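Structural overview for review
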Amino acid sequence: MNPFSFPIAVFVVDQDGNIQSWNKACEKMSGFSADEIRGQPLGQIVTPDRNSGTGPLKFDHDCDLDAWLTCKDGTSLPVHVTAARHVLDPQHPQSYSVIVIPKGRSATPPPSQQLIQDAPLLDIIEGLPCVFYVIDQSGHLLLWNKRLEDALEIPGEDMPLLNVINFFDDKDRPYIERKISEAFLTGGSSHEASLVGVKGKRTPFLFNCALMSLGSIPCIFGTGLDITAQKETELRLLVRERAMYASVNAIVITCCDGDDDVIEYVNPAFEQLTGYSLAEIKGRDPRFMAAPGCDEDERQKIREALKRCQSVRVVLRNLRKNGDIFWNDLRLDPVRNADGKVTHYIGVIEDVTTKRQYERRLQHLANHDPLTGLANRTLLQEKVQLSMTFAQRNEALLALAFLDLDNFKFINDNFGHEIGDTVLKEVANRLRHNVREDDTVARLGGDEFVLVITSQPSARHVGELMERVRASVSAPVRVDGKEVLPGVSIGVSLFPRDGDTVDRLMRAADAAMYHAKTTGRNNCTFYSEELNKSVHEHLSLRARLAHAIEAGQMSVSYQPKVDLRTGAVVGAEALVRWNDPENGVVLPDKFIPVAEESGLIVQLGQFVLARACETLRELQEKALQHFTISVNLSVRQLRDKEFVERLAALLRTHRLAPGSLELEVTESQLMDDPEEAVQKLSQLKELGVRLSIDDFGTGYSSLSYLQKFPVDYIKIDRTFLREVGWGERDTVIAKAIISLGHNLNLTVIAEGVETTEQLSFLRDHECDQMQGFYFSPALSREKLVEAMLARIELAR
């Protein structure tokens, strides 16, 4: 573009008003050449219009006025003069630019289009897809296009009157001044800034400036490209970048480099999650973090998705920088360029380690006992089914063992549940140590455990293993300085002999365990059809007994006690009887063990105590004040913390002296826990009831404890009197018990006396009392009262 084709008259004057330079437009307008006019006062050719109200031109400040230009041919041309100091020229800060614009009839500056005489140049400038401008060193526009007018919302005639600095925000103006000065000094500059229209319109532009000359006058030619869309894109990208930067999820961007995908960017969350900084891993394939040997199926999904350039979501394990494994939920998406080619992949990683651990914990809790960590019933069913399938496929022997601790309730009641839990955990550990890793140890709840033993050579091997298990579990457990003896009953069933389904096999083992418990405890029993029948009968008996108690089928009979010295009836033992409508009388030795095992003995015991008290009340009302009735006390009643209070209430209800009631406790019951027995018997003694040790000599009493028990009577078990009359050696124990009782100041009672020889033996050795068929069988309440009244009448 030829700058001398511009019709804009621009010249430079110093502060005294002398012309320093003159462009071709000035020559063309005035007729004076640059050489003719240089150094001449401006006032020689430019005279202010009288109507403007100004005097001669002075250059100590900017001015804007109408004037007359005196041409070389003597004519005067009306013009508009704008003078501005060279604020953008640091080398000539006192110089002024003077723009002289010819005036038409309107006396206003013509639009920029009229200042351009070269029509093709106009088309080029107006056709530019950007704003175009020319400014001098004063910062005023010499030329511009319509796009600049639109951006500034200013009409063309006002454009030359404004300094370009005013097109920008106040805060941007120092920066704009520096950039324009930089262009004048260095020949060009580039910068971004927003033009502000008079109506508030703001448009961001990228300006590029170049230094050129209009004649001898330096000017800045520049363009401004509207970057509104670019700025919006940049803002969106910035927002997204900040979102990625601030995301709590780890983000990794990989660049497709041939057949590889290498890391190009990771956000801070990724760095924090993995321990790797971007500088450490940029350019590396992210597969280097893969946990070896883990999640191959998930990694194959990634490979297939990359091959097809598709999105994929997987959950897999990776390694942190410190070597720790972490679970991550990875979402991988491709990024395509304008041609549709995948250039990058964006991976969003959520750390799900805690979630996975929680899920696994929930799954573990759903399938394992929370106290011992053993398999629970749900997992046991699955394990048994799998073991049965394996055994059937391989023709192997499978053993299922049910284990039940014999005296766990006693442990809980006497040592507390905390120690009870410790015992359960120790039993669980012992069971684990006695079986193989492939076997299963489960806890069904309470004190019940199950073993699933696979691939056994024979039933004999199973029996040997169960004996080792029994011995291990039954060994003392030391807790807080205390020694606890668990004891265990074990029932075993074998597959396929004892059941072809999980339910049948488990029921068979349960039945065997139940039989082991009812036949002495702390032993192991294998299932058999005979045992099944026995267990079935036992369960049936227990159900019928519970119904009998509720239906009132139980009654109490009384076997009299006789003083061997006087022959007087001094009391009776209350004996419970079961009158079954279908099977007749059921003997106590058949249903009492069932009542003990099932807990029905507590309800049954209360029934017997109540009937005994009613009988005592009736006898006392009929003048039998010194008659005592003894009642057998079960171990469950003895351990009941509220038993003493209930017994006291029962005695008060029937208005009985406590001494008229005698409670019998077996020797074995006392020796289960002698310390507790002393405490419980002492409480009963304080209440005032009489106490008796039943079946003395059949247990393993310690003489030291025997002295501590606050009892009044000991009873010789009938087994020590059966051989009386057969020889001296057969009566040694009976003699010793009588002697021991008397030495301890206890009343000795012999039970089961049936012959004259037994009676003579007891009298000869000064036994105190006896009971048995020799004197009388057990009597109903009515017959007992009747017999006692008859004896009173005979005595009279």
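Now for a look at the structure at hand.

Parameters and conventions
Residues numbered from 1 in each chain as written. Predicted model: local features only at pLDDT ≥ 70, side-chain atom pairs only at ≥ 80, totals over all residues. Heavy atoms only, no water. Helix = DSSP H or I, 4+ residues; strand = E, 2+ residues; numbered from the N terminus. Rg over C-alpha atoms; globule rule 2.2 N^0.38 Å. Contact = heavy atoms within 4.5 Å. Lys, Arg positive; Asp, Glu negative; His and termini not counted. Charge placed at Lys NZ, Arg CZ, Asp CG, Glu CD. Pairing = 2+ DSSP bridges. Axes fitted to C-alpha atoms, helices over the stretch in contact; angles between N-to-C directions. Parallel < 35°, antiparallel > 145°, perpendicular 65-115°, else oblique. Left-handed = near helix turned anticlockwise from the far one by under 90°. Nonpolar A, V, L, I, M, F, W, Y, C, P; charged D, E, K, R; others polar. Polar contact = N/O pair within 3.5 Å; in protein donor to acceptor, adjacent residues only side chain to side chain. Buried < 20%, exposed > 50% of the residue type's maximum accessible area, 1.4 Å probe, protein only. Salt bridge = Lys/Arg side-chain N within 4 Å of Asp/Glu carboxyl O. Core = buried A, V, L, I, M, F, W, Y, C linked by side-chain atoms within 4.5 Å. Arc of directions from axis to C-beta. Phe/Tyr/Trp six-rings, centres within 6.5 Å; stacked < 30°, edge-to-face > 60°. Lys NZ or Arg CZ within 6 Å of the ring centre and 35° of its normal.

Let us now look at the overall build of the protein. Tallying secondary structure elements over the protein gives 26 helices and 32 strands in all. Its C-alpha radius of gyration of 58 Å places the protein more than 25% over the 28 Å reference for a compact globule of 796 residues. Taking the contacts inside the protein whose residues are at least 6 apart along the sequence as the reference set, 55% of them involve residues at least 24 apart. In the protein, which carries 90 positive and 114 negative side-chain charges, the distance between the mean positions of the two groups comes to 2 Å.

Spatially, E18-E19-E17-E22-E23 is the arrangement adopted by the five strands of the open sheet, whose pairing is mixed. Strand pairing shows two members of the sheet lacking a second neighbour, strand E18 (440-445) and strand E23 (524-526), which therefore form its edges. On average, each strand axis in the sheet is tilted by 20° relative to the strand beside it, whichever way the strands run. Where strand E17 (residues 397-405) lies against strand E19 (residues 448-456), seven bridges are found, and the strand directions are antiparallel. From the neighbouring strand, leucine 403 faces E19, where its bridge partner is phenylalanine 449. Sitting on the sheet, helix H15 (residues 502-518) touches E17, E19, strand E22 (488-495) and E23, and the angle it makes with E22 is about 145°.

For any two helices packed against each other, the geometry comes down to the angle between their axes and how far apart the axes lie. Orientation of helix H13 (residues 417-434) relative to helix H14 (residues 459-474), taken along the N-to-C sense of each, is 150°, at an axis distance of 10 Å. Taken together, the axes of H13 and H14 lie roughly antiparallel to each other. Considering the relative orientation of H13 and H14, their crossing is right-handed. The segment H13 lies against H14, with Val427, Arg430, Leu431 and Asn434 engaging Leu465, Arg468, Val469, Ser472 and Val473. Per-class residue counts for the contact of H13 with H14 are five nonpolar, two polar and two charged.

On to the environment of aspartate 285. Mapped onto the secondary structure, aspartate 285 falls in the loop between helix H8 (278-281) and helix H9 (296-308). Among residues more than four places away in sequence, those in contact with aspartate 285 are Asp261 and Val262. Only 2.9 Å separates the side chain of aspartate 285 from the backbone nitrogen of arginine 287, close enough to count as a polar contact.

Moving on, we get to the sheet that holds strand E5 (residues 76-85). If you walk across this open sheet you meet the six strands as E2-E1-E6-E5-E4-E3, and the pairing is antiparallel. At either margin of the open sheet sits one strand with a lone partner, and together these are strand E2 (19-22) and strand E3 (46-48). Between one strand axis and the next, the sheet turns by 35° as a mean value, whatever way the strands run. Here strand E1 (residues 9-13) runs beside E2; their pairing, made up of three bridges, is antiparallel. Each bridged residue has a counterpart across the sheet, and for phenylalanine 11 the counterpart in E2 is tryptophan 22.

Position of aspartate 14 among the secondary structure elements: in the loop between E1 and E2. Buried and unpaired, aspartate 14 has no salt bridge, with arginine 38 as the nearest side chain of opposite charge at 11 Å. At 2.9 Å, the side chain of aspartate 14 forms a polar contact with the backbone nitrogen of asparagine 18.

This part takes up the nonpolar core. Among the nonpolar cores identified, the biggest contains 76 residues, and Met554, Phe627, Leu663, Leu684 and Leu762 are the most heavily contacted of them. Ranked by residue count, the leading element in this core is helix H18 (residues 600-621), at 10 residues. Residues within four places of methionine 554 in sequence aside, it is in contact with Leu545, Ala548, Ile549, Val576, Arg577, Trp578, Phe591, Leu604 and Phe607.

What follows deals with the pairing of strand E24 (residues 554-563). Burial analysis of E24 places nine of its 10 residues in the buried class, which makes it a mostly covered element. Count of turn residues in the E24/strand E25 (residues 569-580) antiparallel hairpin: five residues, of which glycine 567 carries a positive phi of about 80°.

A separate point is helix H17 (residues 588-598). Listed as buried for H17 are Phe591, Val594 and Ala595. Looking straight down H17, one finds its buried side chains confined to an arc of 100°; they lie on one side. Immediately beyond the C-terminal end of H17, within one or two residues, lies glycine 599, with a positive phi of roughly 90°.

Turning to the environment of arginine 497, a few remarks are in order. For arginine 497, the location among the structural elements is in the loop between E22 and H15. The exposure class of arginine 497 is exposed, given its relative accessible area of 53%. On a C-alpha basis, the gap between arginine 497 and leucine 397 in space is 9.1 Å, while along the polypeptide they are 100 residues apart. A polar atom in the side chain of arginine 497 sits 2.9 Å from the side chain of aspartate 498.

In this section: the packing of aromatic side chains. All told, the structure shown has seven aromatic pairs when counted by the stated rule. Ring centres of tyrosine 133 and phenylalanine 207 lie 6.2 Å apart, and the angle between their planes is 70°; on these two criteria the pair is classed as edge-to-face. Of this pair, tyrosine 133 sits in strand E7 (residues 131-135) while phenylalanine 207 sits in strand E10 (residues 202-214); the two residues are 74 residues apart in sequence, bridging distant segments of the chain. Ring geometry for tryptophan 578 versus phenylalanine 591: centroids 5.8 Å apart, planes at 85°, classification edge-to-face. Pair noted here: tryptophan 578 is in strand E25 and phenylalanine 591 is in helix H17, with a separation of 13 residues, a long-range link. Chaining the aromatic ring pairs together yields one cluster made of Tyr133, Phe168, Phe205 and Phe207. Lying across the ring of phenylalanine 288, arginine 284 places its NZ or CZ 3.8 Å from the centre. A cation sits over an aromatic face here: lysine 561 above tyrosine 713, 6.0 Å from the ring centre.

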